[in-house]
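Geometric and topological summary
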Amino acid sequence: MKTKFMLPIVLVLLSFTAFSQGFKGKKDKVKALKVAYITEELNLTTEEAQRFWPIYNAFDDKQAELRHEKMRAILDRFEPGSVEKLSEKEANSLLAQMETIEENLFALRKKFIKDLNGVISAKKIIKLKKAEDDFNRQLLKQMRDKKRD
């Protein structure tokens, strides 16, 4: 009798684990493609790459964490019809929270640029921004094209 109840639970847990590993695998693949793309676009020397990637990865991880925090704060409040249920005080509090996260993201980007300044040239820092934007655009285009197929 217990086996009947345990089997569906085990199957759900296994499928969830497989799904999350699949997602992590895709995320790792995108990250590897991004690293290759940026390295090529910036034409980093071996020495530059050794100093650049630890700074970039720390920045990217912190930026992802802040964006996730922002989305979690927003999505937790924005279930269908929930905006109308917010009091003005709650709405102002949510706006303040969103502004704080945006300010933190901006401060993080400024620190990142300052940290990179001694590692790569200013010209390469500008190229980095363009390379990130181009990579993200290409990724979104591929995702859209895949959905159409």
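Quick note: structure is the one above.
Below: a short report on this structure. Keep in mind that this is a model prediction, so the values were computed, not measured. (Residues numbered from 1 in each chain as written. Predicted model: local features only at pLDDT ≥ 70, side-chain atom pairs only at ≥ 80, totals over all residues. Heavy atoms only, no water.)

1. Observations regarding the side chain of K124
Following the sequence through the fold, K124 ends up in helix α5 (residues 122-148). At 3.5 Å, the side chain of K124 and the backbone oxygen of L42 are in polar contact. Polar side-chain contacts of K124 include one of 3.2 Å to the backbone oxygen of N43. Ignoring anything within four residues of it in the chain, the contact list for K124 reads L42, N43, L44 and E48. (Helix = DSSP H or I, 4+ residues; strand = E, 2+ residues; numbered from the N terminus. Polar contact = N/O pair within 3.5 Å; in protein donor to acceptor, adjacent residues only side chain to side chain. Contact = heavy atoms within 4.5 Å.)

2. Re α5
In this model α5 runs 40 Å from its N-terminal to its C-terminal C-alpha over 27 residues, within 8% of the 39 Å that 1.5 Å per residue would give. Inspection of α5 places K124, I125, L128, A131, E132, D134 and F135 among the buried residues, and these make up the whole buried set. (Expected span 1.5 Å × (residues − 1). Buried < 20%, exposed > 50% of the residue type's maximum accessible area, 1.4 Å probe, protein only.)

3. Looking at the packing of aromatic side chains
Summed over the entire model, instances satisfying the criterion amount to seven aromatic pairs. Between F59 and F112, the ring centres sit 3.9 Å apart and the planes meet at 10°, which makes this aromatic pair stacked. Separated by 53 residues along the polypeptide, F59 in helix α2 (residues 46-77) and F112 in helix α4 (residues 88-116) bring together distant segments of the chain. For F59, a relative accessible area of 3% puts it in the buried group. (Phe/Tyr/Trp six-rings, centres within 6.5 Å; stacked < 30°, edge-to-face > 60°.)

4. Quick look at the nonpolar core
Judged by nonpolar contacts, the single largest core of 21 residues is most densely connected at I38, F52, I120 and L128. Of all the secondary-structure elements, those providing two or more residues to this core are α1 (2-42), α2, α4 and α5. Among the elements that take part in this core, α2 stands out by supplying six residues, more than any other. Excluding anything up to four places from it in sequence, F52 contacts I38, L42, L44, L116, V119, I120 and L128. (Core = buried A, V, L, I, M, F, W, Y, C linked by side-chain atoms within 4.5 Å.)

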